Amino acid sequence: MLFILPFIVAAINLLDKWLLEHQIVNVPIHGCINIAFIDLLDDTWQSVISGIVILGIAYMLFLISNIFKLLYQRTTLPSLLYVLLTSGTMVSIGFNYLLFAVFIIGLAITRLQSAINNTKNNASLFDFGALMMLAVAIYPKFVFLLLWALCAVLFLGRSTIKDVMALVVGFCVPALFVSFYYYWTDSLVLLSQRFMNHLVTGHYIHDLPIVEILRLSLLFILLIIAVSHFFSKYSAMIVYQRRGMLSLVSMLLFLIVTLLVLPGNYYDFMYMLAFPLVFIYSHFFIVQRVKIVNDFMFILLICACFLSYFI
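Because the structure is a prediction, the values reported are computed rather than measured.

1. Remarks on the overall build of the protein chain
Here is step 1 of the chain: Helix and strand content of the protein chain: 12 helices and 0 strands.
Here is step 2 of the chain: Helices (α) and strands (β) of the protein chain occur, in sequence order from the N terminus, as α-α-α-α-α-α-α-α-α-α-α-α.
Here is step 3 of the chain: In summary, the protein chain has a C-alpha radius of gyration of 19 Å against a globular reference of 19 Å for 311 residues, a match within 12%.
Here is step 4 of the chain: Summarising its shape, the C-alpha atoms of the protein chain cover approximately 65 × 50 × 35 Å along the three principal directions.
Here is step 5 of the chain: Residues classed as buried in the protein chain amount to 52% of the 311 residues present.

Now the structure itself:
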C-alpha cells in the first residue's frame, strides 16, 4: 500500500484540474515564520509541494504506528485513512501553510512517543517542545497545542521537574531564535503584533453547507463509536501503547477546542484533525472483530471522505 499512495495523491491533486477551480477561498495565515517564496510559485508547483508534504505525513503515520506499536499489528491503514480524509481538502483548497506545521507536529509526536517509551531520556522532551513551538511560529492557531504538550507530559508518566524543564526549555529555544531574527532585522516591535493578528484572523464556524453538516455528523458518529471502543479495551492494552494512544485522543480534544474557540479557516483544519483521527479509527477497525460491522463502518467513513468533494 505504501507504494500505491503516491499515485493516489497524484490522482487527487489532478482532480482540481478537471473540477471547478478551488471553490473555497482561504484567509492567508503565515505566522511569524513566512516561507514567502512559495507564494511566488504557480498552482502546479504548489500542488506538487502539497502532495509531497501530504505523502511525508502519511509515511510518518506509518512509522509512528509501527515503531511505537500503537496498534496491534503492522499496518498502513493510518496512512491510507489520512490521504482519504484530506482528499477533499486537497481538491477544494490545495496548498496551505498549515501543512508545514502539521508535518513538524508529526515529528514532534514521534519525539513524544519516544519520551513515553524511554522515561530516562530528556532529550526527546526537549525536541518535542522545540518542534511544537516551531509549528506554532509557522501557524499561530496551534497555540493551544502548547498547553496540550504540557498536559501530555504531566499525565503520561513524565512529570518530574527535569522532564517539565526539558519541555519548557524546548519551548524557549525556537521563540528566542525567532525573536533574535526580528531584533536583527529591526522589527522586534512587530513580532507580537504579527502573531496576534494571525491568531485572530479568519472566521468562526457558522452557516455550514448541508453536505458538510452531513459529513461532520458521519465523522462524529464514527468517532464516538471508535472512542467508546477504545476505552472499553483500555485496560487490556500495554502501558506504552495505552499512553501513546491516549496522547492522541487528548490531542484531538485540544484541536476541537481550537476549532471552536479561535477564528480560522475551518476547511483546511482537516489536515491537522485527521492526524489523531486516523489512529482512533484504525484502532477500531483493527480491534473490532465483527466483519459486517467493520465493513459498514468503513463504508460510512468512505462516504464521509467523498462528501467533502461536494462542499
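Next, the rest of the story.
2. Regarding the environment of C151
Here is step 1 of the chain: Residue position: C151 is located in helix α6 (residues 144–155).
Here is step 2 of the chain: We classify C151 as partly exposed; its relative accessible area is 24%.
Here is step 3 of the chain: Along the backbone, C151 and M251 are 100 residues apart, and their C-alpha atoms lie at a distance of 9.8 Å.

3. Overview of the packing of helix α2 (residues 43–67) against helix α11 (residues 270–287)
Here is step 1 of the chain: Between α2 and α11, the shortest axis-to-axis distance is 11 Å and the interhelical angle comes to 25°. As the angle between them shows, α2 and α11 are arranged roughly parallel. Crossing handedness for the pair α2 and α11: right-handed. Each of I54, I57, L61, I64 and S65 in α2 lies in contact with α11, whose residues at this interface are Y271, F275, V278 and F279.
Here is step 2 of the chain: Split by residue class, the contact of α2 with α11 holds 8 nonpolar, 1 polar and no charged.

4. A closer look at a nonpolar patch on the surface
Here is step 1 of the chain: Together, I205, L253, I256, V257, L260 and V261 make up a nonpolar patch on the protein surface, roughly 490 Å² of accessible area in all.
Here is step 2 of the chain: Turning to its location among the elements, I256 is positioned in helix α10 (residues 239–261).

5. Focus: the pattern of salt bridges
Here is step 1 of the chain: All told, the structure shown has 4 salt bridges when counted by the stated rule.
Here is step 2 of the chain: Notably, a salt bridge pairs R158 with D163, separated by 2.9 Å at the nearest N-O pair. For the residue pair R158 and D163, the accessibility class agrees, reading buried in each case.
Here is step 3 of the chain: Here R215 and E212 are joined by a salt bridge, their closest N and O atoms 2.8 Å apart. On the criterion of helical spacing, the pair formed by R215 and E212 is a turn pair, its members being 3 residues apart in helix α9 (residues 210–232).
Here is step 4 of the chain: Note on R215: relative accessible area 5%, which makes it buried.

6. Some words on the packing of α2 against helix α4 (residues 98–117)
Here is step 1 of the chain: In contact at an axis separation of 10 Å, α2 and α4 are set at 15° when each is read in the N-to-C sense. On the basis of their axis angle, the class for α2 and α4 is roughly parallel. In the packing of α2 onto α4, the handedness of the crossing is left-handed. Residues I49, S50, V53, I54, G56, I57, M60 and I64 of α2 pack against L99, F100, V102, F103, G106, L107, I109, T110 and Q113 of α4.
Here is step 2 of the chain: Among the residues forming the contact of α2 with α4, the class breakdown is 12 nonpolar, 5 polar and no charged.

7. Some thoughts on helix α7 (residues 161–184)
Here is step 1 of the chain: An ideal rise of 1.5 Å per residue puts 34 Å on 24 residues; α7 measures up with 34 Å between its terminal C-alpha atoms.
Here is step 2 of the chain: Contacts made by the buried residues of α7 are with α5 (123–138), α6 and α8 (189–199).
Here is step 3 of the chain: Just past α7, the residue D186 takes up positive phi, approximately 55°.

8. Re α4
Here is step 1 of the chain: End to end, α4 covers 29 Å across 20 residues, agreeing with the expected 28 Å (1.5 Å per residue, within 8%).
Here is step 2 of the chain: Of all the 20 residues making up α4, 16 are buried; the element is thus mostly covered by neighbouring parts of the structure.

9. Looking at the confidence of the model for the protein chain
Here is step 1 of the chain: With 94% of its residues at a pLDDT of at least 70, the protein chain reaches an overall mean of 87.
Here is step 2 of the chain: Averaged pLDDT values for the elements of the protein chain fall to 74 in helix α1 (residues 5–18) and rise to 95 in α5.

10. Quick notes on the side chain of N294
Here is step 1 of the chain: As for its placement among the helices and strands, N294 is situated in helix α12 (residues 291–307).
Here is step 2 of the chain: When residues no more than four places from it in sequence are discounted, the contact partners of N294 are F284, F285 and Q288.

11. Points about the side chain of Q113
Here is step 1 of the chain: Mapped onto the elements of the fold, Q113 is located in helix α4.
Here is step 2 of the chain: Every residue in contact with Q113, bar those within four places of it in the chain, is listed here: I64, F68, L70, G244 and S247.

12. Description of the state of the cysteines
Here is step 1 of the chain: In total, this model carries 0 disulfides according to the counting rule given.
Here is step 2 of the chain: There is no disulfide at C172, and the cysteine sulfur nearest it, in C32, is 15 Å away.
Here is step 3 of the chain: Of the cysteine sulfurs around C305, a residue in no disulfide, the closest is that of C303, at 9.1 Å.

13. Concerning unusual backbone geometry
Backbone phi values are negative for most residues with the exception of glycine, while trans is the configuration of most peptide bonds.
Here is step 1 of the chain: The residue K69 is not glycine, and still its phi comes out positive at about 55°.
Here is step 2 of the chain: Relative to the helices and strands, K69 is located in the loop between α2 and α3 (77–92).
Here is step 3 of the chain: In this structure K69 comes out as exposed when scored by relative accessible area, which is 54%.
Here is step 4 of the chain: Here the phi dihedral of D186 falls at roughly 55°; this positive angle occurs in a residue that is not glycine.
Here is step 5 of the chain: Mapped onto the elements, D186 comes out in the loop between α7 and α8.

Rules of the game
Residues numbered from 1 in each chain as written. Predicted model: local features only at pLDDT ≥ 70, side-chain atom pairs only at ≥ 80, totals over all residues. Heavy atoms only, no water. Helix = DSSP H or I, 4+ residues; strand = E, 2+ residues; numbered from the N terminus. Rg over C-alpha atoms; globule rule 2.2 N^0.38 Å. Buried < 20%, exposed > 50% of the residue type's maximum accessible area, 1.4 Å probe, protein only. Axes fitted to C-alpha atoms, helices over the stretch in contact; angles between N-to-C directions. Parallel < 35°, antiparallel > 145°, perpendicular 65-115°, else oblique. Left-handed = near helix turned anticlockwise from the far one by under 90°. Contact = heavy atoms within 4.5 Å. Nonpolar A, V, L, I, M, F, W, Y, C, P; charged D, E, K, R; others polar. Patch = residues over 30% accessible without salt bridge, like charges linked within 9 Å, V, L, I, M, F, W, Y side chains within 5 Å. Areas by Shrake-Rupley, 256 points an atom, 1.4 Å probe, with all protein chains shown as cover. Salt bridge = Lys/Arg side-chain N within 4 Å of Asp/Glu carboxyl O. Expected span 1.5 Å × (residues − 1). pLDDT = per-residue confidence, 0-100. Disulfide = S-S within 2.5 Å.

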